[in-house]
Amino acid sequence: MVGEGGVSVKGIYMERIKTLSKILGGTSDKNILFSDLLSTLHSLGFEERIKGGHHILTKKGIYEIINFQPRGNKAKPNQVKQVRNVILKYKMKGDKNEQI
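A short tour of the structure in this document, coming up. Worth saying up front: this structure is predicted, and the values here are computed from it rather than measured. (Residues numbered from 1 in each chain as written. Predicted model: local features only at pLDDT ≥ 70, side-chain atom pairs only at ≥ 80, totals over all residues. Heavy atoms only, no water.)

**A look at the overall build of the protein**
Right, so step 1: The number of helices and strands found in the protein is three helices and five strands.
Right, so step 2: Secondary structure elements of the protein occur, N-terminal to C-terminal, as α-α-β-β-β-β-β-α.
Right, so step 3: Burial analysis of the protein (100 residues in total) assigns 30% to the buried set.
Right, so step 4: Long-range contacts, defined as pairs at least 24 residues apart, comprise 44% of the intrachain contacts of the protein with a sequence gap of at least 6.
Right, so step 5: A total accessible area of about 6500 Å² is found for the protein, and carbon and sulfur atoms account for 52% of it. (Helix = DSSP H or I, 4+ residues; strand = E, 2+ residues; numbered from the N terminus. Buried < 20%, exposed > 50% of the residue type's maximum accessible area, 1.4 Å probe, protein only. Contact = heavy atoms within 4.5 Å. Areas by Shrake-Rupley, 256 points an atom, 1.4 Å probe, with all protein chains shown as cover.)

Rendered as structure tokens:
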């Protein structure tokens, strides 16, 4: 199945799994694209609102609010760590409705 821009849905899913693995691995926090981090959070069911340059993400049942800004086209390492901690704390995985 082909999604937007001729990219396969399987390819998009695999890219999100790859990004999620990088986030959880913790060895390349400096090299995660901001857009990939946002896509991953959206795939986990987070809702986004933007206020100025701040991207604020929330999800029902998650008490932490994720608030971050890009550094160029990359996510800031401390913000990747914050996302990793939330994913691990709430035992999330790649589907909006699933937990580990």
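And the narrative resumes.
**What about the side chain of R84?**
Right, so step 1: Tracing the chain through its elements places R84 in helix α3 (residues 77-89).
Right, so step 2: Within polar-contact distance, the side chain of R84 engages the side chain of D29 at 2.9 Å. (Polar contact = N/O pair within 3.5 Å; in protein donor to acceptor, adjacent residues only side chain to side chain.)

**Considering the packing of helix α1 (residues 9-25) against α3**
Right, so step 1: With their axes 8 Å apart at the nearest point, α1 and α3 run at an angle of 95° to one another. With respect to each other, α1 and α3 are oriented roughly perpendicular. Within the contact between the two elements, α1 uses L20, I23 and L24 and α3 uses V80, V83, R84, I87 and L88.
Right, so step 2: Looking at the contact of α1 with α3, its residues break down into seven nonpolar, no polar and one charged. (Axes fitted to C-alpha atoms, helices over the stretch in contact; angles between N-to-C directions. Parallel < 35°, antiparallel > 145°, perpendicular 65-115°, else oblique. Nonpolar A, V, L, I, M, F, W, Y, C, P; charged D, E, K, R; others polar.)

**Description of the nonpolar core**
Right, so step 1: Counting residues in hydrophobic clusters, the biggest one holds 20 residues, and the most contacted among them are L37, L41, F46, I66, F68, V83 and M92.
Right, so step 2: Residues in contact with V83, not counting those within four places in the same chain, are I23, L37, L41, I66 and F68. (Core = buried A, V, L, I, M, F, W, Y, C linked by side-chain atoms within 4.5 Å.)

**Some remarks on the packing of aromatic side chains**
Right, so step 1: Summed over all chains, the structure comprises one aromatic pair.
Right, so step 2: Measuring from centroid to centroid gives 5.2 Å for F34 and F68, while their planes differ by 85°, and the two rings are edge-to-face. Remark: F68 occurs in strand β3 (residues 66-68) and F34 occurs in helix α2 (residues 34-43); sequence separation between them is 34 residues.
Right, so step 3: We classify F68 as buried; its relative accessible area is 1%.
Right, so step 4: Above the ring of F46, the side-chain terminus of K59 is found at 5.9 Å from the ring centroid. (Phe/Tyr/Trp six-rings, centres within 6.5 Å; stacked < 30°, edge-to-face > 60°. Lys NZ or Arg CZ within 6 Å of the ring centre and 35° of its normal.)

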